[in-house]
Amino acid sequence: MKKTFKALMAVLVLLMTAPLAAKDFDWSECWCNYGGGIEKGDLIVNIDGGLYFADLAYLAVYDNAWFIPPVMVEVQFAQPIWKLPFTFGGYAGLRAYGYKDANDETCAYWATFFGAEAAYHVMLPPEGLDVYVVSRLGGNIPFIHSDSDWIPDYFHIGEAIGASWYFGDVFGLNLEFGYPMSKFGISLKF
């Protein structure tokens with residue numbers, strides 16, 4: 001776990017310091033251009049897995065707790081507003097957790113989550129990097145919940161900061177930190 005955390009921190013430091021070495025970069029235009037080769041009208045699909053922070057609370061409280069890392073698919077459409085590089089779209093996913101309560105009864109929760117999102121992008125060097133801030137508004141629909149202590153969490157709002165690194169015209173990797181979920185996966189650009 002410590003090695004994974006250190007590796008993620010090293011990648012973040014590298015992403016944050018790489019722009020400092022770019023002497024030929026036009027910094028006056030970074031706020032009004034998409035990064036990573038994204039252009040107006042592009043469709044971006046992210047397929048990610050991650051950590052849903054509400055599920056982790058059960059691991060800390062209950063013995064024999066388990067969770068399945070949530071899986072999420074996002075679809076975004078690049079549409080600038082004035083000169084500002086925005087993407088708009090939606091997401092959907094699946095999450096689950098379970099534990100044994102004080103009466104030794106097994107409790108489980110399975111839900112789909114979905115919503116709408118808007119992201120503001122910033123172009124930074126190097127060329128394949130796309131950095132963004134995203135806002136989400138969505139909900140959860142549980143289809144299994146056998147938990148007597150369950151607190152409904154039908155609606156959620158969230159913010160995150162993320163980056164995608166595109167290795168060519170289509171394929172890239174995506175990393176995002178935020179609430180209620182942090183995630184890592186692949187990014188496809190069409």
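These figures come from a predicted structure and were not determined experimentally.

**Q** Report on the nonpolar core, specifying residues and quantitative values.
**A** Core analysis: the biggest nonpolar cluster contains six residues, these being Y58, Y97, Y99, C107, Y109 and A111. Among the secondary structure elements, those contributing two or more residues to this core are β3 (86-100) and β4 (106-123). If one sorts the elements of this core by residue count, β4 sits on top with three residues.

**Q** So what about the sheet that holds strand β8 (residues 181-189)? Which residues, and what values?
**A** Read once around its circumference, the closed barrel built from eight strands follows the order β1-β2-β3-β4-β5-β6-β7-β8, with strand pairing classed as antiparallel. Averaged over all pairs of adjacent strands, the angle between their axes in this sheet comes to 25°, without regard to strand direction. Bridging between β3 and β4 involves 15 bridges; their strand directions are antiparallel. Considered in β4, the bridge of K100 is made with T106.

**Q** Please set out the pairing of strand β6 (residues 155-166) residue by residue, giving values where relevant.
**A** Judged from the eleven bridges that link them, strand β5 (residues 129-145) and β6 form a sheet pairing that is antiparallel. What sits directly across from V134, in β6, is A160. Examined bridge by bridge, β6 and strand β7 (residues 171-179) share eight bridges and lie antiparallel to one another. Across the sheet, W165 pairs through a bridge with L173, a residue of β7. If you look at the hairpin formed by β6 and β7, you'll find four residues sitting between the two strands.

**Q** Quick rundown of the environment of E39? Include the residues and the values.
**A** Mapped onto the elements, E39 comes out in the loop between α1 (2-17) and β1 (43-52). Among the residues examined, E39 registers a relative accessible area of 54% and is labelled exposed. Here E39 is in contact with Y34 and A78, once residues within four sequence places are set aside.

**Q** Describe the side chain of E74, naming the residues involved and giving the relevant values.
**A** Note on placement: E74 falls in strand β2 (residues 66-78). Within the local environment of E74, its side chain forms a polar contact with the side chain of Q76, the two groups lying 3.4 Å apart. Polar contacts involving the side chain of E74 include one to the side chain of R136, which spans 2.9 Å. With residues near it in sequence (within four places) discarded, E74 still touches I44, V45, N46, D48, G90, Y91, E117, R136 and K183.

**Q** Before we move on, can you summarise a nonpolar patch on the surface with the specific residues and values?
**A** On the surface, L43, I47, V73, V75, F77, W165, F167, V170, F171, L173, F184 and F190 cluster together into a nonpolar patch covering about 1000 Å² of accessible area. Within the residue set of the nonpolar patch, elements represented by two or more residues are β1, β2 and β7. In terms of residue count, the dominant contributor to the nonpolar patch is β2 (three residues). Mapped onto the secondary structure, F167 falls in the loop between β6 and β7.

The rules we used
- Residues numbered from 1 in each chain as written.
- Predicted model: local features only at pLDDT ≥ 70, side-chain atom pairs only at ≥ 80, totals over all residues.
- Heavy atoms only, no water.
- Core = buried A, V, L, I, M, F, W, Y, C linked by side-chain atoms within 4.5 Å.
- Buried < 20%, exposed > 50% of the residue type's maximum accessible area, 1.4 Å probe, protein only.
- Helix = DSSP H or I, 4+ residues; strand = E, 2+ residues; numbered from the N terminus.
- Pairing = 2+ DSSP bridges.
- Axes fitted to C-alpha atoms, helices over the stretch in contact; angles between N-to-C directions.
- Contact = heavy atoms within 4.5 Å.
- Polar contact = N/O pair within 3.5 Å; in protein donor to acceptor, adjacent residues only side chain to side chain.
- Patch = residues over 30% accessible without salt bridge, like charges linked within 9 Å, V, L, I, M, F, W, Y side chains within 5 Å.
- Areas by Shrake-Rupley, 256 points an atom, 1.4 Å probe, with all protein chains shown as cover.
- Salt bridge = Lys/Arg side-chain N within 4 Å of Asp/Glu carboxyl O.

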